[in-house]
Amino acid sequence: MSPRRKIDPATEDVEQGDVEQGDVEQGPKPRRQIRWRMPLFTAAVAALTAGAIAAGTLMLIHHETDRRSAIKDAAVLGYVRSFMTEYTTLDPFHANDYAAKILAEGTGDFAKVFKERQNEIIITVAQAEPTNGSVMEAGVSRWNDDGSADVLVATQIVTTGGPDGKTVIESGNRWVATAIKEGQQWKINRLVEVI
């Protein structure tokens, strides 16, 4: 057994052992100190976690906006490249088909002007040499408020002709094509040659 003193609270008798100083508690117990480190640490971690989630969400939104913009740009560029290749490729033996295809791809001002000059265009195509058109480069210049896009296009036209029929003539043009989406299909609203 330990030499410590045991006191019966009712009689305050010492049961056994010698009394040592400091063995008997005197007065009420001191209050336990409140520990602030853990709650502060938890609050700081929670704030950092919330900040990281907010930053991640903003980055995701920005990334998704950029992705949608890139998809939209790619769609309009693909359409305008295809249209300009058709537009600059002339086949004098199928002038009526050429005019019908181009007119079907038009809307707005472009369709109106093309329709008014359709007979003149058919005659010009029928009298021309066969050409192979290609798009050298294309880029979206700007998006308009009505959802249309102005696309700057550089084309190259290759014609085989001349007196011997083997001379290759190359020429290039620059165009601003305004494309707008009607339903699920892109169409050309305006086409202007840039000098």
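Our structure is the block above this text.
Residues numbered from 1 in each chain as written. Predicted model: local features only at pLDDT ≥ 70, side-chain atom pairs only at ≥ 80, totals over all residues. Heavy atoms only, no water.

Moving on: the overall build of the chain. The helix and strand tally for the chain stands at four helices and four strands. Ordered by position from the N terminus, the helices and strands of the chain form the series α-α-α-α-β-β-β-β. Considering the chain as a whole, with its 195 residues, one finds that 25% of them fall into the buried category. Look at the contacts in the chain between residues 6 or more apart in sequence, and 49% of them connect residues 24 or more apart. Surface exposure of the chain reaches about 14300 Å², of which carbon and sulfur atoms provide 56%. (Helix = DSSP H or I, 4+ residues; strand = E, 2+ residues; numbered from the N terminus. Buried < 20%, exposed > 50% of the residue type's maximum accessible area, 1.4 Å probe, protein only. Contact = heavy atoms within 4.5 Å. Areas by Shrake-Rupley, 256 points an atom, 1.4 Å probe, with all protein chains shown as cover.)

A few words on the environment of alanine 179. The residue alanine 179 is located in strand E3 (residues 167–182) in this model. With a relative accessible area of 0%, alanine 179 lands in the buried category. The spatial distance from the C-alpha of alanine 179 to the C-alpha of tyrosine 79 is 8.5 Å, given a sequence separation of 100 residues.

Residues Val80, Phe83, Met84, Tyr87, Ile188 and Leu191 are the most contacted members of the largest nonpolar core, which totals 27 residues. The set of elements that each furnish at least two residues to this core consists of helix H1 (37–88), helix H2 (95–104), helix H3 (108–116), helix H4 (118–127), strand E1 (131–143), strand E2 (149–161), E3 and strand E4 (185–194). What isoleucine 188 contacts, discounting residues up to four positions off in sequence, is Tyr79, Val80, Phe83, Glu105, Gly106, Thr107, Phe110, Ala177, Thr178 and Ala179. (Core = buried A, V, L, I, M, F, W, Y, C linked by side-chain atoms within 4.5 Å.)

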